[in-house]
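Per-entry structural report
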Amino acid sequence: MLRVLAVCLGFVLPAAAQPAITGDDLAEIRAVIHRQIDAFRRDDAQEAFKLVSPSVQETFGTPQRFLDVVRVSYRPVYRPAAVAFLGLTVMGQDAVQQVQITDRSGAVWLAYYAMQRQRDGSWRTNGCHLVQPAKTIPT
């Protein structure tokens, strides 16, 4: 019986020990994304690069290489006409912030920003998945 209780507590306690996403966390997550998009608009590679996780920094190596990839492969994020924050999904200690982006041609995109809490408690982007929602054609 004690073994069953210990096993059950083992499943419950780690979840309870994880810090929840607070209103302050949500505000910081959105502020980080806003600052990064603003840095892209100014072609400020250094500032945009400071806002990504260490693993993303390691992947790209330099701020300029990071900005070049965003400029070519993430054009709606690089130069959005409009940005609207949607839902936040919590996944363990990380979060995914959904952002609706309208590009300069008027097309609407969804950007899923993987956000990673750093050891100091701050948040950084840890990747972005950009998709254009399917269009519905009336029948």
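The secondary structure content of the protein amounts to 6 helices and 4 strands. Tracing the protein from N to C terminus, the helices and strands come up as α-α-α-α-α-α-β-β-β-β. Across the protein, the fraction of contacts at a sequence separation of at least 24, relative to all contacts at a separation of at least 6, is 46%. Of the roughly 8,600 Å² of accessible surface on the protein, a fraction of 58% belongs to carbon and sulfur atoms.

Within the secondary structure, Ser53 is located in the loop between helix 3 (45-50) and helix 4 (54-60). For Ser53, the side chain forms a polar contact with the side chain of Asn126, separated by 2.5 Å. Filtering out sequence-adjacent residues up to four positions away, Ser53 remains in contact with Gln116, Gln118, Arg124, Thr125 and Asn126.

What follows covers the pairing of strand 1 (residues 82-91). For strand 1 and strand 2 (residues 94-102), the ladder comprises 8 bridges, and the chain directions are antiparallel. Within strand 2, the position partnered with Ala84 by the bridge is Gln100. Hairpin connection of strand 1 to strand 2: 2 residues between the antiparallel strands, including Gly92 at a positive phi of 65°.

Turning our eyes to something else, we now look at the sheet that holds strand 4 (residues 123-131). Two strands in a sheet stick together by hydrogen bonds in their backbones, pointing the same way (parallel) or opposite ways (antiparallel). A sheet is described by the order of its strands in space; here 4 strands give the open sequence 1-2-3-4, paired in antiparallel fashion. Each having just a single partner strand, strand 1 and strand 4 make up the two edges of the open sheet. Neighbour to neighbour, the strand axes of the sheet diverge by 25° on average, direction disregarded.

Another point: helix 2 (residues 23-41). Taking 1.5 Å of rise per residue, 19 residues should cover 27 Å, and helix 2 covers 27 Å from first to last C-alpha, within 8% of that figure. Every buried residue belonging to helix 2 is among Asp25, Ile29, Val32, Ile33, Gln36, Ile37, Ala39 and Phe40, and all of these are buried. The buried residues of helix 2 all sit within an arc of 160° when viewed along its axis, so they share a single face. Of the residues in helix 2, the exposed ones pointing more than 90 degrees away from the buried face are Gly23 and Asp24. In this structure Thr22 caps helix 2, since a side-chain oxygen of it lies 3.3 Å from the backbone nitrogen of Asp24.

By the element assignment, Arg79 lies in the loop between helix 6 (75-78) and strand 1. Here Arg41 takes part through its backbone oxygen, which lies 3.5 Å from a polar atom of the side chain of Arg79. Side chain to side chain, Arg79 and Asp43 meet in a polar contact 3.2 Å long. Non-local contacts of Arg79, meaning those with residues more than four positions away in its chain, are made with Phe40, Arg41, Arg42, Asp43 and Arg104.

Here is what the cut-offs are and how they apply
- Residues numbered from 1 in each chain as written.
- Predicted model: local features only at pLDDT ≥ 70, side-chain atom pairs only at ≥ 80, totals over all residues.
- Heavy atoms only, no water.
- Helix = DSSP H or I, 4+ residues; strand = E, 2+ residues; numbered from the N terminus.
- Contact = heavy atoms within 4.5 Å.
- Areas by Shrake-Rupley, 256 points an atom, 1.4 Å probe, with all protein chains shown as cover.
- Polar contact = N/O pair within 3.5 Å; in protein donor to acceptor, adjacent residues only side chain to side chain.
- Pairing = 2+ DSSP bridges.
- Axes fitted to C-alpha atoms, helices over the stretch in contact; angles between N-to-C directions.
- Expected span 1.5 Å × (residues − 1).
- Buried < 20%, exposed > 50% of the residue type's maximum accessible area, 1.4 Å probe, protein only.
- Arc of directions from axis to C-beta.

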